[in-house]
Structure formats: structure tokens, C-alpha cells
Amino acid sequence: MKNLLRFLLLGCFFVIVFIPIRVEYEWVVWALIVAMFGLVAAYYWALYGVTAAQAASLADEAEVVRYSKFAGLVTGHDKSLDLIRGRFLITDTRILFVRKAKKGFELAETIPLGELSEYRTAKLLSYRRGIIFTLEDEREYRFTISRIQREEAPIRSALGW
């Protein structure tokens, strides 16, 4: 799927840049540009997209999903930070982060709710805001979530705080 999307993107780009199109067929160029935007969005989803149902399938059957949002897990230290995109879930017993693997999906992180001591919102990367969970043993997990100001109340209620 990803290779097909790459090929289509390159094909559209090739037609737009290298094939001269007469003025009366200018609509073809604009249609290809719009198609390229759609292909880029589809490629992004093919790389990182995890739906709520797919992520919930990795949770235990007894767990109830209270919150689900597309997010990023910030890994690394100091200047070598990395962002792993996936689905952030809060169930009644733990926090899960599910990401897309080569085939299917995998559980990237799991945090038991009983080990949480606090959470706070902050600027995590240069322009991304998110949430930081601190555990009782002082470990921190950082997640970037879009529009965190609006999402803080649903997260707090999902945590039961």
C-alpha cells in the first residue's frame, strides 16, 4: 500500500513538473495537485494511522476504554528526542500507547494507573504541546496531543481524578 502511494505521488509530480500542458487543460494540473494532497494524507495514515477500534483490540477484554486520541510518544533524552505516532488510550486500569508495526499493530507502552503520581501539560518539543505523566518511581512518560487545553478535562475524568 505504501509503495503504491509513493509511486502515485511520484507519477503525479512527474506529470505536473515535466509534461507541458496547454492552457485549456490547466484543470488537469490543478486536479493532480489536489490528488497529491489526498495521496500525502493517505500515505501519512498508512504510516501512522491506528483507529480506536484497532487499538482497543490490543486491550484486555475486561478493560473499558475511557479515552482515545491520536497522539505521539516522545522518546529519547535532551537533544535526541524522537516522536512515535500512534493511538493514546486510557482504560479503567492502565494507559496504553499503540503504534503501527510492519504488520498489524503493537503495544508500544503500558502504564498502570496505580503507579501514576501526577500529570501536567507542557511544551514537549519545539512547537508541540502535550502531557507528562510522572510515576511514583520518578519515571516520566511524555505524549504529544493536539489541542491539549481542550483535552485535559476528558483526560482527567478518564483517569478518575
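You'll find the structure just up there.
If you're wondering where the values come from, they're calculated on a predicted model, not measured in any experiment.

Draft legend 1. Broad picture of the layout of surface pockets. There is about 300 Å³ of room inside the largest pocket. Lining the largest pocket are 13 residues, and of these Lys-2, Leu-47, Lys-100, Ala-101 and Lys-102 lie nearest its centre. Considering every element that reaches the lining of the largest pocket, the biggest residue donor is helix α2 (residues 26–48), with three residues. Classifying every residue of the lining of the largest pocket gives six nonpolar, one polar and six charged. Here the second largest pocket defines a volume of roughly 230 Å³. Within the residue set of the lining of the second largest pocket, elements represented by two or more residues are β1 (65–75) and β7 (140–144). When its residues are assigned to classes, the lining of the second largest pocket shows five nonpolar, three polar and three charged.

Draft legend 2. Layout of the pattern of salt bridges. The full count for this structure, using the stated rule, is nine salt bridges. For Glu-140, the salt bridge identified is with Arg-142, shortest N-O distance 2.9 Å. Overall, the relative accessible area of 29% leaves Arg-142 in the partly exposed class. Here Glu-152 makes a salt bridge to Arg-156, at a shortest N to O gap of 3.5 Å. Of the two residues, Glu-152 and Arg-156 are both situated in helix α4 (residues 148–159); the distance of four residues between them amounts to about one turn of the helix. Exposure remark for Arg-156: the relative accessible area of 34% places this residue in the partly exposed category. One network of salt bridges, in which partners are shared, links Glu-118, Arg-120, Glu-140 and Arg-142.

Conventions we followed
- Residues numbered from 1 in each chain as written.
- Predicted model: local features only at pLDDT ≥ 70, side-chain atom pairs only at ≥ 80, totals over all residues.
- Heavy atoms only, no water.
- 1 Å grid on protein atoms, 1.4 Å probe; cavity = no way out; pocket = protein on both sides within 12 Å on 5 of 7 lines; lining within 4 Å.
- Points joined across faces, edges and corners; volume = space filled by probe spheres on them.
- Helix = DSSP H or I, 4+ residues; strand = E, 2+ residues; numbered from the N terminus.
- Nonpolar A, V, L, I, M, F, W, Y, C, P; charged D, E, K, R; others polar.
- Salt bridge = Lys/Arg side-chain N within 4 Å of Asp/Glu carboxyl O.
- Buried < 20%, exposed > 50% of the residue type's maximum accessible area, 1.4 Å probe, protein only.

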